[in-house]
Amino acid sequence: MSAPTAAPQPTTETDDTNVHVPNRRNVELGLLILALIIGMFAYANVDLAVLGELPANFLAVGAIFTLLLGGAHVAVRYLAPYADPFLLPAAALLNMLGLAMIRRLDLAEQQRAERAEIKAPSPDVIPQVTWTALALVLFVVILFVVHDHRRLQKYTYTCMVLGVLLLLSPLIPGLGTTVNGANLWIRLGPLSFQPSELAKILLTIFFAGYLVITRDSLALVRRKFLGLGIPRGRDLGPILVAWGVSMAVLVFQRDLGTALMFFGLFVVLLYVATQRRSWLVIGGGLFVIGAVLGYFAFGHVRLRVQVWLDTWTYANDQGYQIAQSLFGLANGGLLGTGLGQGYPQFVPFAKTDFITAALGEELGVTGFMAILTIYGIMIERGLRTAIAVRDPFGKLLAVGFATVIGLQLFVVIGGVTRLIPLTGLTTPFLSYGGSALVANWMMIAFLMRISDRARSPLPDGTVDASGRLS
Amino acid sequence: MSELALTLLRFGFLALLWCFVLITVSALRRDLQAPDSAAIAAAPARTGRKPPRPGRIRPRNLVVTEGSLMGTVLPLGSAPVTIGRASDNTLVVDDDYASSHHARLYQTEGRWIVEDVGSTNGTWIDRNRITGPTLLEPGAPLRVGRTVFELRK
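These numbers come from a predicted model, not from an experiment.

Rules behind the numbers
Residues numbered from 1 in each chain as written. Chains lettered and ligands numbered in written order. Predicted model: local features only at pLDDT ≥ 70, side-chain atom pairs only at ≥ 80, totals over all residues. Heavy atoms only, no water. Helix = DSSP H or I, 4+ residues; strand = E, 2+ residues; numbered from the N terminus. Buried < 20%, exposed > 50% of the residue type's maximum accessible area, 1.4 Å probe, protein only. Contact = heavy atoms within 4.5 Å. 1 Å grid on protein atoms, 1.4 Å probe; cavity = no way out; pocket = protein on both sides within 12 Å on 5 of 7 lines; lining within 4 Å. Points joined across faces, edges and corners; volume = space filled by probe spheres on them. Patch = residues over 30% accessible without salt bridge, like charges linked within 9 Å, V, L, I, M, F, W, Y side chains within 5 Å. Areas by Shrake-Rupley, 256 points an atom, 1.4 Å probe, with all protein chains shown as cover. Salt bridge = Lys/Arg side-chain N within 4 Å of Asp/Glu carboxyl O. Phe/Tyr/Trp six-rings, centres within 6.5 Å; stacked < 30°, edge-to-face > 60°. pLDDT = per-residue confidence, 0-100. Pairing = 2+ DSSP bridges. Arc of directions from axis to C-beta. Expected span 1.5 Å × (residues − 1). Core = buried A, V, L, I, M, F, W, Y, C linked by side-chain atoms within 4.5 Å. Polar contact = N/O pair within 3.5 Å; in protein donor to acceptor, adjacent residues only side chain to side chain.

Once that is clear, we can look at the overall build of chain B. What chain B contains, in helices and strands, is two helices and 11 strands. Reading chain B from its N end, one meets helices and strands in the order α-α-β-β-β-β-β-β-β-β-β-β-β. Going through the 153 residues of chain B one by one, you find that 50% of them count as buried. Look at the contacts in chain B between residues 6 or more apart in sequence, and 39% of them connect residues 24 or more apart.

So, on to empty space enclosed by the protein. All names here are of chain A. Tallied over the full model, the rule gives two cavities of 30 Å³ or more. A volume near 40 Å³ is recorded for the largest cavity. Approximately 30 Å³ is the volume attributed to the second largest cavity. Going through the elements one at a time, α6 (195–220) and α8 (256–274) are the ones with two or more residues in the lining of the second largest cavity. Among the elements that make up the lining of the second largest cavity, the one with the highest residue count is α6 (three residues).

Together, A:Leu334, A:Leu335, A:Val365, A:Met369 and B:Phe11 give the surface a local cluster of nonpolar side chains, amounting to about 440 Å² of exposed area. Under the relative-accessibility criterion, A:Met369 is labelled partly exposed at 41%.

It is worth spelling out the side chain of A:Thr423 at this point. Residue and element names in this part refer to chain A. Secondary-structure assignment places Thr423 in the loop between α13 (392–416) and α14 (434–455). Classification of Thr423 as buried rests on a relative accessible area of 6%. Apart from the residues within four sequence positions on either side, Thr423 is in contact with Leu256, Gly257, Arg304 and Val411.

What follows concerns the packing of aromatic side chains. Residue and element names in this part refer to chain A. Evaluated as defined, the whole model comprises 12 aromatic pairs over all chains. A centroid spacing of 5.7 Å and a plane angle of 50 degrees characterise the contact between Phe206 and Phe207, whose relative ring orientation is tilted. The exposure class of Phe206 is buried, given its relative accessible area of 10%. Each ring, one from Phe207 and one from Phe266, has its centre 4.8 Å from the other, and the planes form 65 degrees; the classification is edge-to-face. In this pair, Phe207 is assigned in helix α6 and Phe266 in helix α8, connecting sequence segments 59 residues apart. For the pair Phe207 and Phe266, one class covers both residues: buried. Through a chain of ring-to-ring contacts, the aromatic side chains of Tyr157, Phe206, Phe207, Tyr210 and Phe266 assemble into a single cluster.

Right, let's get into the confidence of the model for chain A. All names here are of chain A. Per-residue confidence for chain A averages 84 on the pLDDT scale, and 85% of its residues sit at or above 70. Below a pLDDT of 50 lies the segment residues 1–19, which in the model reaches 31 contacts outside its immediate sequence neighbourhood of four places, other chains included. In this model residues 459–470 is a low-confidence stretch, pLDDT under 50, and it forms 43 contacts with partners more than four residues away in sequence or in other chains.

The next point concerns the pairing of strand β1 (residues 61–66) of chain B. All names here are of chain B. Across the six residues that make up β1, a large majority, five, are buried. Relative to strand β2 (residues 73–75), β1 runs antiparallel, the two being bridged by three bridges. The residue bridging Asn61 from the neighbouring strand is Pro75, located in β2. In sequence, β1 turns back onto β2 through a hairpin of six residues, with Gly67 there showing a positive phi of about 105 degrees.

Given 3.6 residues per helical turn, the α-helix brings residues three or four places apart onto the same face. Among all positions in helix α10 (residues 299–309) of chain A, only A:His300, A:Val301, A:Val305 and A:Val307 are buried. Within α10(A), the buried residues cover an arc of 165 degrees as seen down the axis, which keeps them to one side.

Residue and element names in this part refer to chain B. In spatial order, the strands read β4-β3-β5-β6-β9; together these five strands make up an open sheet with mixed pairing. Each edge of the open sheet is held by one strand with a lone partner, namely β4 (91–92) and β9 (134–136). With three bridges connecting them, strand β6 (residues 111–116) and β9 associate as antiparallel partners. Its bridge partner being in β9, Trp112 is matched across the sheet by Leu136.

It is worth spelling out the environment of B:Pro80 at this point. Residues and elements named next belong to chain B. On the secondary structure map, Pro80 appears in the loop between β2 and β3 (81–84). Taking the relative accessible area as the measure of exposure, Pro80 reaches 6% and is therefore buried. Along the backbone, Pro80 and Leu105 are 25 residues apart, and their C-alpha atoms lie at a distance of 5.5 Å.

Residue and element names in this part refer to chain A. Taking 1.5 Å per residue as the helical rise, helix α4 (residues 125–145) with its 21 residues ought to reach 30 Å, and the 30 Å between its terminal C-alpha atoms agrees with that figure. Every buried residue of α4 is accounted for by Val125, Gln128, Thr132, Ala135, Leu136, Phe139, Ile142 and Leu143. One side of α4 holds all its buried residues, which, seen down the axis, span an arc of 120 degrees. Opposite the packed face of α4, turned more than 90 degrees from it, sit the exposed residues Ile126, Phe144 and Val145. Next to the buried residues of α4 lie α2 (58–79), α3 (87–116) and α14.

Here the focus is the nonpolar core. Counting residues in hydrophobic clusters, the biggest one holds 136 residues, and the most contacted among them are A:Phe139, A:Ile239, A:Met378, A:Trp441 and A:Ile444. Not counting the four nearest positions on each side in its chain, A:Ile444 is found in contact with A:Leu87, A:Ala91, A:Phe139, A:Met378 and A:Phe429.

All names here are of chain A. By the element assignment, Gln408 lies in helix α13. Of note is the side chain of Gln408, whose polar atom sits 2.9 Å from the side chain of Lys200. The residues touching Gln408, leaving out its near neighbours within four places in the chain, are Glu197, Lys200, Met261, Leu425, Thr426 and Pro428.

What follows covers the sheet that holds β1(B). All names here are of chain B. Read from one edge of the open sheet, six strands run β2-β1-β11-β10-β7-β8, paired in antiparallel fashion. Edge strands, defined here as strands with exactly one partner in the open sheet, are β2 and β8 (128–129). Pairing of strand β10 (residues 142–144) with strand β11 (residues 147–152), which is carried by three bridges, proceeds in the antiparallel orientation. The partner of Val144 across the bridge, within β11, is Thr147.

Following the criterion strictly, the structure yields 16 salt bridges over all chains and no others. Notably, a salt bridge pairs A:Asp106 with A:Lys351, separated by 2.7 Å at the nearest N-O pair. Here the residue A:Asp106 occupies a position in helix α3, and A:Lys351 occupies one in the loop between α11 (320–332) and α12 (355–388), the gap between them amounting to 245 residues. Each member of the pair, A:Asp106 as well as A:Lys351, carries the same accessibility label: buried. Residues B:Glu150 and B:Arg152 are paired through a salt bridge, measuring 3.0 Å at the closest nitrogen-oxygen approach. For the residue pair B:Glu150 and B:Arg152, the accessibility class agrees, reading buried in each case. Bridged by salt links that share partners, the residues A:Asp84, A:Glu380, A:Arg381 and A:Arg384 form one connected network.

Following this line, the structure appears as structure tokens:
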């Protein structure tokens with residue numbers, strides 16, 4: 001070997017580089033302040049439009065949210081200084097928009113109760129604010145406890161066991177409760193909890209950890225068939241198990257949305273891990289088989305499809321909800337009715353599954369598109385994190401979390417706008433429901449932890465520092 | 001509240017919402033140009049483009065454009081960079097087609113030279129297997145196993 005410059009072998013010393021890598025925390029702060037202003041604007045707007053006066057606790061609520069979001073921001077500055085600056089403001093804005101809409105629907109219920117001279121139901125916005133506070137605390141706790149996302153890989157199989165147990169826990173007699181035909185809640189004393197929300201985080205960790213180890217055999221060993229590499233029979237095992245679990249969720253819990261999300265997540269991660277298109281074909285084929293089986297075997301699946309194809313025949317009974325949602329969106333039009341000035345309360349379950357319909361009515365296509373763009377930014381930042389991070393487990397984990405948010409959004413908004421049959425899933429960050437909110441904030445915390453790793457200037461163990469920049 | 005005030009609030013809210021979106025997007029674009037790993041990974045690997053004239057720009061980064069480490073950015077110093085599967089390399093590639101000590105890059109007079117250090121499958125620049133120390137131009141694809149590298153500014 002002839003090396004003109006006989007420089008020593010790899011330098012391991014970590015020279016303090018002169019290049020300043022911006023950590024963009026001030027961008028995050030600025031956007032967070034703007035998000036706070038928009039959220040408080042929405043709150044004021046709702047009350048001004050419905051009640052004609054500013055809420056008495058306006059400043060107090062403002063102070064609470066300033067404290068919560070400010071606390072989260074300061075925690076990020078210390079715990080993950082190089083984390084992505086766009087995730088926290090986007091999540092905070094969506095969360096506050098959801099709260100404003102829940103408040104708006106509370107007011108509508110209150111007024112209806114006054115007119116009917118019955119006792120008003122207790123407002124839902126107060127528990128939801130409590131859940132938001134809890135979620136933000138958990139967000140900070142995760143950033144504090146999980147210093148390095150790669151440690152999560154050690155818990156791959158623990159996560160699988162816990163995730164599947166949680167997913168199936170509503171089936172345990174005495175623990176599970178059936179709400180609106182779907183059996184996906186567990187009740188512990190006064191607290192009810194939707195375990196599938198937590199399960200989606202645990203199973204994402206499991207899928208990522210599992211595929212990092214097995215992807216080579218899943219990607220390389222295959223036979224050529226019809227221009228596609230077809231994997232060996234025994235390598236098909238994992239995808240069949242994932243499909244089976246999804247079908248079990250569909251059969252026993254009658255939860256179409258969750259089943260769809262888990263199977264979709266697994267197929268996407270399999271594709272990303274192996275870079276083989278054949279997995280998408282196989283996954284798509286299994287999905288079609290599952291969908292056809294579901295259609296013929298279960299009345300509730302068949303009903304959803306019929307209502308989707310022929311909404312107006314069912315507009316007064318089974319299709320009432322989706323028909324009202326479409327009326328609402330049409331009423332909103334291009335610019336919306338304005339917050340507090342539409343009739344989103346006519347849609348059943350406007351606070352949970354149909355919150356996007358309520359926002360679409362009152363903010364119009366203009367506002368709806370803004371919300372979708374914010375989700376798009378969030379997902380893009382997740383995928384960008386996956387590209388930038390240096391270890392394969394982190395890549396898969398980030399893709400997994402971004403996919404969960406994206407899939408869930410597609411299934412919900414597709415259902416609400418009648419693009420696809422309606423399946424009950426919560427809209428991330430917007431919908432009423434504590435378990436979903438907490439789980440989504442936890443995912444943002446993990447994504448920020450991974451992006452901190454990806455963007456921090458001192459490379460980690462995979463790639464050693466290469467000395468001073470020239 | 002008067003009708004006019006409510007209409008103003010309605011438009012004001014939509015404007016503010018889009019303000020957030022537009023500010024985020026513009027900050028995001030600036031973020032793409034910032035010299036961090038996310039930024040450089042964003043530039044897609046384009047094939048067939050002319051490599052910039054040597055001497056004009058000084059490569060500062062070694063970017064992985066293909067393979068399992070795709071998007072990884074290694075800031076270059078003056079020290080040589082070794083590539084291979086063994087953990088004592090500067091850049092450890094997780095690639096079944098790479099050797100444990102595969103290739104070495106070193107700098108001389110502001111240019112980067114690559115040489116193969118006895119790999120099984122060879123080190124390639126474009127379609128040519130290198131046989132001795134070879135000048136690596138910025139933008140030229142350097143292939144080690146199934147991983148492709150490129151020098152970038």
